[in-house]
Amino acid sequence: MAADPPVRDDVWAFGGESAAELGSAMTRLLRSLPSRPRLLGLGEATHGEEALPRLRNEVFRHLVEHEGYRSIALESDCLAGLIVDEYVTEGVGTFDDVMRHGFSHGLGELETSRELVRWMREHNRDRPAPDRVRFFGFDGPFEMTGADSPRRALTALLGYLADRLEIDLLPYTVGTVEHLVGSDDRWTDPAVTTDPSLSVGLSADAGELRLIADDLLALLTAESPRLIRATSRDEWWRAHLHGRTATGLLRYHAVMADTSEARLVRLMGLRDVMMAGNLRAVAERERRARRGPTLVHAHNRHLQREESRWLLPPGWGPLEGRTLRWWSAGALVGARLGDEYAFVASALGAAPHQGLGAPRPDTLEGILSTLPGNRYVVDSASLAEALRATGTEPVPRTDTSANHGYFPLDPGHLRETDGLLFVKHLTPGPGA
């Protein structure tokens, strides 16, 4: 057991009770890394706690004002995110409409999301376009009950091409796409989540739409020099986003029709593949524009470098007790970008309102809970070395919270994080 930190805590843990202290602690961690990351992943230990995205807002503001960061990417619908970006950069639309239509997963209903959008709009108001902070969603158009219809993505891509290319280069029309898509309800039916036989993902119409999406994306690439000259690199980038989303959605719907036991893990993997593709595209776009890095905020499980594992709890029928394995978006991005991707996981001590008591002292969270303050940025490499030097081997935390989206840290993967954002005592409401 560990009753005290294994070494002086100021070697590996930097306190951040105020926003300024938290920001300075994050700067100290970033400057300890071997190189400056293009994408900085900041994970959430659980969803649904306003205190955690409020910490994200504090960190993002500091990174923009002191570290040259110029964009943020959230675990939200990538196409809806275009609405938020137009508002914060150009003032297009109204605040209420943006919050209603610019987010998925209920993020637009959170006060922390409203605070973020307001701050970004005010920050950008009097700045030149190259210096404005930008917003990206990097998730696919998904909700818990299923996936979006491919209509929105396909018609946007086809419209971009049809307005700028000769008609003989386009063997498809919007009418063709509309006819094949049919009613959106058959794509978004929540019953498909549990009954693959109701999915249209392997129908003849869906198969033809997949070929159309592939052809249009190839045409967009083949004609990119003149399309970029005729419009702009940004407009071409958005068209490519619609193309990636269309192909990803149609692939996802095809797997939703799969009746094998591999269906669920394939869907989990495909979602992270789409996330990773969007993050790489954001990094490349911002690099090409000679802009600063991007803060990425999502659940720890989407941003971690190690293999994702999920032990299915009771209620999953024949899959109950089975462990699913797939690679997260962070693992996929990290494999491609190397040191240009960094990951700071969040970790929790106690959250009594979620039924999560004080952690055992021999867990990693228990060791961190011996620190006197409530909020810390932890240097993972220094902490791992301190644990090794003192012969301290933390055990995994096994207690659970009422929020099934919470996952404790795995001490065996500490070195696969670049840092930790630790909250010793999480309370409901506005702050941690």
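Residues numbered from 1 in each chain as written. Predicted model: local features only at pLDDT ≥ 70, side-chain atom pairs only at ≥ 80, totals over all residues. Heavy atoms only, no water.

A. Seen up close, the overall build of the chain. Across its full length, the chain holds 16 helices and twelve strands. Here the chain has a C-alpha radius of gyration of 22 Å; the compact-globule value for 432 residues is 22 Å, and the two agree. Projected onto its principal axes, the C-alpha coordinates of the chain cover approximately 75 × 55 × 35 Å. For the chain, the proportion of its 432 residues judged to be buried stands at 55%. For the chain, the proportion of contacts with a sequence separation of at least 24, taken over those separated by at least 6, is 78%. (Helix = DSSP H or I, 4+ residues; strand = E, 2+ residues; numbered from the N terminus. Rg over C-alpha atoms; globule rule 2.2 N^0.38 Å. Buried < 20%, exposed > 50% of the residue type's maximum accessible area, 1.4 Å probe, protein only. Contact = heavy atoms within 4.5 Å.)

B. Geometry of the sheet that holds strand E12 (residues 419-425). In spatial order, the strands read E1-E11-E12-E10-E2-E7-E3-E4; together these eight strands make up an open sheet with mixed pairing. The sheet terminates laterally at strand E1 (13-15) and strand E4 (134-139), the two strands that pair on one side only. Each neighbouring strand pair of the sheet contributes to a mean axis angle of 25°, computed without reference to strand direction. Bridging between E1 and strand E11 (residues 375-379) involves three bridges; their strand directions are antiparallel. Bridging across to E11, glycine 15 finds its partner in tyrosine 376. Packing of helix H1 (residues 19-30) onto the sheet brings it into contact with E1, strand E2 (39-44), strand E10 (341-350), E11 and E12, and relative to E11 it is tilted by some 5°. Sheet contacts for helix H16 (residues 380-389): E11 and E12; angle to E11, the most-contacted strand, approximately 75°. (Pairing = 2+ DSSP bridges. Axes fitted to C-alpha atoms, helices over the stretch in contact; angles between N-to-C directions.)

C. Quick peek at the layout of surface pockets. Of the pockets and cavities examined, the second largest pocket occupies roughly 370 Å³. Forming the walls of the second largest pocket are 15 residues, and the residues nearest its centre are Trp236, Trp237, Glu284, Arg285 and Arg288. Elements supplying a minimum of two residues to the lining of the second largest pocket: helix H11 (233-256) and helix H12 (263-288). Partitioning the lining of the second largest pocket into residue classes produces five nonpolar, three polar and seven charged. (1 Å grid on protein atoms, 1.4 Å probe; cavity = no way out; pocket = protein on both sides within 12 Å on 5 of 7 lines; lining within 4 Å. Points joined across faces, edges and corners; volume = space filled by probe spheres on them. Nonpolar A, V, L, I, M, F, W, Y, C, P; charged D, E, K, R; others polar.)

D. Region of the structure containing helix H9 (residues 204-222). The end-to-end C-alpha distance of H9 is 27 Å, a good match for the 27 Å that 19 residues give at a rise of 1.5 Å each. The complete set of buried residues in H9 reads Ala206, Leu209, Ile212, Ala213, Leu216, Leu217, Leu219 and Leu220. All buried residues of H9 fall inside an arc of 160° around its axis, so they share one side. Of the exposed residues in H9, the ones pointing more than 90 degrees away from its buried face are Ala204, Leu211 and Ala222. (Expected span 1.5 Å × (residues − 1). Arc of directions from axis to C-beta.)

E. Broad picture of the packing of H1 against helix H2 (residues 51-67). For the pair H1 and H2, interaxial distance at closest approach is 9 Å and the crossing angle is 65°. Classified by chirality, the crossing of H2 by H1 is right-handed. The segment H1 lies against H2, with Ala19, Leu22, Gly23, Ser24, Met26, Thr27 and Leu30 engaging Leu55, Glu58, Val59, His62, Leu63 and Glu67. Looking at the contact of H1 with H2 residue by residue, the classes come out as seven nonpolar, four polar and two charged. (Left-handed = near helix turned anticlockwise from the far one by under 90°.)

F. Expanded view of helix H7 (residues 174-181). Listed in full, the buried residues belonging to H7 are Val177, Leu180 and Val181. For H7, the buried positions fall inside an angular range of 95° around the axis, keeping them on one side. Looking at the packing, one finds that the buried side of H7 touches helix H6 (151-162), helix H8 (185-188) and H9. Looking one or two places after H7, you find glycine 182, whose phi comes out positive at around 70°.

G. Main features of the pairing of E4. A large share of E4 lies buried, amounting to six of its six residues. Side chains Arg134, Phe136 and Phe138 of E4 all project onto a buried face; the interleaved residues Phe135, Gly137 and Asp139 project onto the opposite face, where all are buried too. As judged from the five bridges shared by strand E3 (residues 71-77) and E4, these two strands associate in the parallel manner. Bridged to leucine 74 within E4 is glycine 137.

H. Seen up close, the side chain of threonine 417. Within the secondary structure, threonine 417 is located in the loop between H16 and E12. Threonine 417 gets classed as buried once you look at its relative accessible area, which sits at 10%. Polar side-chain contacts of threonine 417 include one of 2.7 Å to the backbone oxygen of leucine 414. Sequence-distant contacts of threonine 417, that is, excluding residues within four places in its chain, are made with Arg305, Phe343, Ala345 and Ser380. (Polar contact = N/O pair within 3.5 Å; in protein donor to acceptor, adjacent residues only side chain to side chain.)

I. Here's a closer look at the nonpolar core. Grouped together as the largest cluster of nonpolar side chains are 68 residues, with contacts concentrated most on Leu161, Leu216 and Leu220. Looking at this core, the element that brings in the most residues is H9, giving eight residues. Not counting residues within four places of it along the chain, the set of residues in contact with leucine 216 comprises Leu154, Leu157, Leu158, Leu161, Leu170 and Tyr172. If you look at the next biggest cluster of nonpolar residues, it comprises 45 residues, including Phe103, Met120, Phe135 and Leu348. (Core = buried A, V, L, I, M, F, W, Y, C linked by side-chain atoms within 4.5 Å.)

J. How the structure looks around the pattern of salt bridges. Under the defined criterion, the tally for this structure stands at 38 salt bridges. In this structure, a network of salt bridges that share partners links the residues Asp85, Arg134, Asp234, Arg285, Glu286 and Arg291. (Salt bridge = Lys/Arg side-chain N within 4 Å of Asp/Glu carboxyl O.)

K. Broad picture of the environment of glycine 159. Tracing the chain through its elements places glycine 159 in helix H6. C-alpha of glycine 159 to C-alpha of histidine 297: the two residues are 138 residues apart in sequence and 32 Å apart in space.

L. Representation of the packing of aromatic side chains. Applying the stated criterion across every chain, the model contains six aromatic pairs. Ring centres 5.7 Å apart and planes at 65° place the aromatic pair phenylalanine 136 and tryptophan 237 in the edge-to-face group. Pair noted here: phenylalanine 136 is in strand E4 and tryptophan 237 is in helix H11, with a separation of 101 residues, a long-range link. A centroid spacing of 5.4 Å and a plane angle of 85° characterise the contact between tryptophan 310 and tryptophan 316, whose relative ring orientation is edge-to-face. Assessed through its relative accessible area of 23%, tryptophan 310 is described here as partly exposed. Judged by relative accessible area, which is 35%, tryptophan 316 ranks as partly exposed. The ring centre of phenylalanine 407 lies 4.0 Å from the NZ or CZ of arginine 301, which sits over that ring. (Phe/Tyr/Trp six-rings, centres within 6.5 Å; stacked < 30°, edge-to-face > 60°. Lys NZ or Arg CZ within 6 Å of the ring centre and 35° of its normal.)

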